[in-house]
Protein chains: 2
Amino acid sequence: MRLRGREMREVVVIGVGMTVFGKHPDSNFIKLGTMAVWDALKDSNIKPGNIQAAYCGSAITGLITGQECNIGHLVLEQIGIRGIPIVRIENACVSGSAAFREAYISVGSGVHDIALAFGVEHVSGALEKEQVMRAVNGASDIEREVSKGMVFPGSFALIANRHIFQYGTTREQMAKVSVKNHRNGLLNRRAQYGMEISIQDVLNSKMLTDPLRMYDYSPVSDGAAAVILCAKDLAKKFTDKRIRVLASSLRSGEFDPKGDITTFPATKNAAKDVYEASGYGPEDVSLAEVHDCFTIAEIIHYEDLGFCEKGKGGQFIGEGKSEMGGKVPFNASGGLMSKGHPLGATGLAQISEIVWQLRGEAGKRQVQNAKIGLTHNLGGYMHGDTSAVAVHLFQKDS
Amino acid sequence: MRLRGREMREVVVIGVGMTVFGKHPDSNFIKLGTMAVWDALKDSNIKPGNIQAAYCGSAITGLITGQECNIGHLVLEQIGIRGIPIVRIENACVSGSAAFREAYISVGSGVHDIALAFGVEHVSGALEKEQVMRAVNGASDIEREVSKGMVFPGSFALIANRHIFQYGTTREQMAKVSVKNHRNGLLNRRAQYGMEISIQDVLNSKMLTDPLRMYDYSPVSDGAAAVILCAKDLAKKFTDKRIRVLASSLRSGEFDPKGDITTFPATKNAAKDVYEASGYGPEDVSLAEVHDCFTIAEIIHYEDLGFCEKGKGGQFIGEGKSEMGGKVPFNASGGLMSKGHPLGATGLAQISEIVWQLRGEAGKRQVQNAKIGLTHNLGGYMHGDTSAVAVHLFQKDS
């Protein structure tokens, strides 16, 4: 698979924006989306009229609001962005990254010069809590998994137990992911649950799906994020704060009934894709934003992305290698776990964080000497070993 | 706006497939999608493993089934297509054409060599009829239109009344669109409602939203369609039946409160785009598949696409110019009205029809000497004057 089209031109990110993630019961997807897109427009020094195409990532807002279609249009007409192609991209929890990737290809191909990718989710409008759970279950396989009770927390509990059994990963190591991400979130004003908690707090939190406890989970949030992409040659006239897209890969899982559930082959394939395409490897990555839907997931991502050997993910966090100030800070933003997880916005919030970090604009959570950043976004059902994983690599444009 | 990227390579369609459209209460979206994709694979002489990326158009199946995400993956795993990027594209009734366009850009850019665009909708699984109506309303604007009773049939009734008032369009002319499309559907074994009806039958059919009667409406159907795209240079080794994509445009409406509701500016803009990009005009088009969601819509499309002057659409059908054997046959397939309208599949069924026609494989409904074919797909809410219109131009590859 080719990662960058043979004839594609270079693409840079020129602006990012993001709302505070959390519970916004008095808001709606239109307001949240508008805020994030305005932020990104301001950040990039371009005008609404400069946007030539828009890709909107949204996964479950339709199931909550009944407004299944036109989500992107209803947001963008608030800003006067009309007439252009506006497409919704849905890829379960990877909708935001997939929207970014389509925007990237469309600019790289030369069809558009400047494209907007934004993601939004509003779940607080749900009439009942069960409605949100049903909607999230719609990102799994309703017939073969959900109807048998195999919802996401159950899947990841199985995965965690197997990782513990197979590699001796400890509950303390898993808890440390939660402690780290909640602490990182404290430094992020846009995070939903920044807080200082101890390993003991995690281990004492409510047991939900053994061995996973409340603090091993990420929430389902309201929020929006936006990223503006531009052909490199044209970007100079708008801004000096250009971040290059080094490589983009989107992969789906491949079901293997005898497969190892402690690894996500789609992550490994996507990582291989971007490392090959860019010429960089995990040793070159300064920081990573990864899909920590559950603590065990982040541990597995260390392994699948090549930051440590298979089975050594627990040790990687145990030794503090993914902490701020460690070898490679993971989820400096707080990750899904503490920043929040509005499905369609998550991938674009990850990219926003990497852009701020590579620009040196991340304030108190700035990763020193950040040169190359990686995003990893995962979603979908278990027996497919995920329906989608997106990995992107970014670098400051010199 | 650039229609073909400066650096894009030529793209051809090498295979198409389609299920019978209609009511398939005992089927589901997985079975329907699988049938259409298999058809397209067989038609193109490629293997499942040749597909490098897939774009799935689906608008409302999630609202009906609860399976909001992974629709493409659940279909394609039946065929052994896994691991590759699989993205759902939603753009209201234009989801299928928008999926085709993303596939086109991805192949044109060189990121992929062979891509699949398919669309599927299954609404017969709904527990109650109201559920389908609610889902279709989700393709409009829930808050500002649907909640006030302004659903699609109401919008098009207003448009029809205005067209009658402004241009003297007659009920008989509108009825003639229905007679033509239902007759064309008789020759299409995949059509839902092929039948011989008279103008009087249309005028005597049940009044639903004055002046529109039952036979002025298109149905909401179950069905799937699939199209396989390939870089032109590589396509020769698979098939001699190559159809070139001449140009692709996707446009959104632009709200003008004082605007004329008898025209869709997005259609005009998209048509202008593809005529400019290809160097061909309406006078070069041998046949067109257009979005006849209501009879009045097809009449307006004649005008907006440049096949006749503004206001002369009624006359155009009145004189039989869009009939089989007329100047430019419109909806030889039967159109949405008689072939059926499974939202996410419709755009890809239009493209399939044009491909069959340009190859000379359309059997009894073959348009003689078909050289250039046009597809036009429309969707979305009224006060935005539609959220999306896609227009594509195709030509036989020599």
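No experiment lies behind these values; they were computed from the predicted model shown.

## Section: the overall build of chain A
Stage number 1. For chain A, the helix and strand inventory stands at 14 helices and 11 strands.
Stage number 2. Here the C-alpha atoms of chain A give a radius of gyration of 19 Å, agreeing with the 21 Å that 2.2 N^0.38 yields for 398 residues.
Stage number 3. Projecting the C-alpha coordinates of chain A onto the three principal axes gives extents of approximately 55 × 45 × 40 Å.
Stage number 4. Across chain A, contacts joining residues at least 24 apart in sequence account for 78% of those joining residues at least 6 apart.

## Considering empty space enclosed by the protein
A water-sized probe rolled over the atoms picks out the places where empty space is left.
Stage number 1. Taken as a whole, this structure holds four cavities of 30 Å³ or more when the rule is applied.
Stage number 2. Roughly 80 Å³ of volume is contained in the largest cavity.
Stage number 3. In terms of lining residues, the largest cavity is bounded by 13 residues, among which A:His73, A:Glu77, A:Arg82, B:Gly253 and B:Tyr381 are the most central.
Stage number 4. Looking at the lining of the largest cavity residue by residue, the classes come out as four nonpolar, six polar and three charged.
Stage number 5. There is about 70 Å³ of room inside the second largest cavity.
Stage number 6. Lining the second largest cavity are 14 residues, with A:Gly253, A:Tyr381, B:His73, B:Glu77 and B:Arg82 positioned closest to its centre.

## Regarding the environment of A:Lys42
Residues and elements named next belong to chain A.
Stage number 1. You can see Lys42 is positioned in helix H1 (residues 29–44).
Stage number 2. On the basis of relative accessibility, which here comes to 65%, the residue Lys42 falls in the exposed class.
Stage number 3. Expressed as a C-alpha distance, the spacing of Lys42 and Gly17, which sit 25 residues apart in the sequence, is 8.6 Å.

## Overview of the interface of chain A and chain B
Stage number 1. Each partner contributes residues to the interface: chain A has 61 residues there, and chain B has 61 residues.
Stage number 2. Here chain A packs against chain B, burying approximately 5100 Å² in sum over the two surfaces, 47% of which is carbon and sulfur.
Stage number 3. Across the contact surface, chain A and chain B share six salt bridges.
Stage number 4. Its salt-bridge partner being B:Glu90, residue A:Arg88 comes within 3.0 Å of it at the nearest N-O pair.

## Quick word on the pairing of strand S10 (residues 372–379) of chain B
All names here are of chain B.
Stage number 1. Counting buried positions along S10 gives eight out of eight residues, so the element sits mostly inside the fold.
Stage number 2. Taking every second residue as pointing to the same face, both faces of S10 are buried, with Ile372, Leu374, His376 and Leu378 on one and Gly373, Thr375, Asn377 and Gly379 on the other.
Stage number 3. With three bridges joining them, strand S9 (residues 287–289) and S10 adopt parallel strand pairing. When the sheet's bridge partners are listed, Leu287 is paired in S10 with Gly373.
Stage number 4. Sheet topology note: the S10/strand S11 (residues 388–396) ladder contains eight bridges and is antiparallel. The residue of S11 that forms the bridge with Leu374 is Leu393.

## Quick word on the relation of the copies chain A and chain B
Stage number 1. Rotating chain A by 180° and moving it 0.0 Å along the rotation axis overlays it on chain B with an RMSD of 0.0 Å. When the rotation and shift are considered jointly, the pair of chain copies conforms to a two-fold rotation axis. Closest to the rotation axis within chain A is the C-alpha of A:Ser109, separated from it by 2.2 Å.
Stage number 2. Most of the interface of chain A is mirrored in chain B: 100% of its interface residues are interface residues there too.

## Description of helix H10 (residues 265–278) of chain A
Each α-helix winds once per 3.6 residues, and so residues spaced three or four apart point in a common direction.
Residue and element names in this part refer to chain A.
Stage number 1. For H10, with 14 residues, the first-to-last C-alpha span of 20 Å sits near the 20 Å given by 1.5 Å per residue.
Stage number 2. Taken together, the buried positions of H10 are occupied by Ala266, Thr267, Ala270, Ala271, Asp273, Val274, Tyr275 and Ser278.
Stage number 3. In this structure, the buried side of H10 is in contact with strand S8 (243–251), helix H11 (295–304), strand S10 (372–379) and strand S11 (388–396).
Stage number 4. Positive phi appears at Gly279, one or two residues downstream of H10, with a value of about 80°.

## Re the pattern of salt bridges
Stage number 1. Scanning all chains against the criterion turns up 51 salt bridges over all chains.
Stage number 2. A:Arg134 is paired through a salt bridge with A:Glu128; the nearest N and O atoms lie 3.5 Å apart.
Stage number 3. Take A:Glu128: its relative accessible area is 40%, and that puts it in the partly exposed class.
Stage number 4. A network of salt bridges, in which partner residues are shared, links A:Glu68, A:Arg88, A:Glu90, B:Glu68, B:Arg88 and B:Glu90.

## Structural notes on the confidence of the model for chain A
Stage number 1. Across chain A, pLDDT averages 95, with 98% of residues at or above 70.
Stage number 2. Confidence metrics for the complex model read pTM 0.97 and ipTM 0.97.

## Points about the environment of B:Ser147
Residue and element names in this part refer to chain B.
Stage number 1. Mapped onto the secondary structure, Ser147 falls in the loop between helix H5 (129–137) and helix H6 (152–167).
Stage number 2. Using a relative accessible area of 52% as the deciding quantity, one classes Ser147 as exposed.
Stage number 3. Along the primary structure Ser147 and Asn137 are separated by 10 residues, whereas in three dimensions their C-alpha atoms are 9.6 Å apart.
Stage number 4. Reaching out from Ser147, the side chain makes a polar contact with the backbone oxygen of Glu143 at a distance of 2.5 Å.
Stage number 5. Here Lys148 takes part through its side chain, which lies 3.4 Å from a polar atom of the side chain of Ser147.

## What about unusual backbone geometry?
Stage number 1. A cis geometry characterises the amide bond from A:Asp210 onward to A:Pro211, with omega recorded as 10°.
Stage number 2. Checked against the element boundaries, A:Pro211 lands in the loop between strand S5 (207–209) and strand S6 (212–213).
Stage number 3. Its identity as a non-glycine residue notwithstanding, B:Asn45 has a phi of 65°, on the positive side.
Stage number 4. Its location among the elements puts B:Asn45 in the loop between helix H1 (29–44) and strand S2 (53–57).
Stage number 5. On the accessibility criterion, B:Asn45 (51% relative accessible area) is exposed.
Stage number 6. A positive phi angle, close to 60°, is found at B:Asn369, a residue other than glycine.
Stage number 7. By the secondary structure assignment, B:Asn369 is in the loop between helix H14 (343–359) and S10.

## Observations regarding the nonpolar core
Stage number 1. Formed by 110 residues in total, the largest nonpolar core has its most connected members in A:Phe156, A:Ile296 and B:Phe156.
Stage number 2. Among all residues touching A:Ile296, those that are not within four sequence positions of it are A:Phe156, A:Ile159, A:Ala160, A:His163, A:Met174 and A:Leu212.
Stage number 3. Membership of the second largest hydrophobic core comes to 86 residues, among which are A:Val245, A:Phe394, B:Val11 and B:Ile351.

## What to know about the packing of helix H7 (residues 171–186) of chain B against helix H11 (residues 295–304) of chain B
Residue and element names in this part refer to chain B.
Stage number 1. Orientation of H7 relative to H11, taken along the N-to-C sense of each, is 100°, at an axis distance of 8 Å. Classified by the angle between their axes, H7 and H11 sit roughly perpendicular to one another. Residues Gln173, Met174, Val177, Ser178, Lys180 and Asn181 of H7 lie in contact with H11, whose contacting residues are Thr295, Ile296, Glu298, Ile299 and Tyr302.
Stage number 2. Here the residues of the contact of H7 with H11 sort into five nonpolar, four polar and two charged.

Here is what the cut-offs are and how they apply
Residues numbered from 1 in each chain as written. Chains lettered and ligands numbered in written order. Predicted model: local features only at pLDDT ≥ 70, side-chain atom pairs only at ≥ 80, totals over all residues. Heavy atoms only, no water. Helix = DSSP H or I, 4+ residues; strand = E, 2+ residues; numbered from the N terminus. Rg over C-alpha atoms; globule rule 2.2 N^0.38 Å. Contact = heavy atoms within 4.5 Å. 1 Å grid on protein atoms, 1.4 Å probe; cavity = no way out; pocket = protein on both sides within 12 Å on 5 of 7 lines; lining within 4 Å. Points joined across faces, edges and corners; volume = space filled by probe spheres on them. Nonpolar A, V, L, I, M, F, W, Y, C, P; charged D, E, K, R; others polar. Buried < 20%, exposed > 50% of the residue type's maximum accessible area, 1.4 Å probe, protein only. Buried area = accessible area lost by both parts, 1.4 Å probe. Salt bridge = Lys/Arg side-chain N within 4 Å of Asp/Glu carboxyl O. Pairing = 2+ DSSP bridges. Least-squares fit on C-alpha atoms with pLDDT ≥ 70 in both. Expected span 1.5 Å × (residues − 1). pLDDT = per-residue confidence, 0-100. Polar contact = N/O pair within 3.5 Å; in protein donor to acceptor, adjacent residues only side chain to side chain. Core = buried A, V, L, I, M, F, W, Y, C linked by side-chain atoms within 4.5 Å. Axes fitted to C-alpha atoms, helices over the stretch in contact; angles between N-to-C directions. Parallel < 35°, antiparallel > 145°, perpendicular 65-115°, else oblique.

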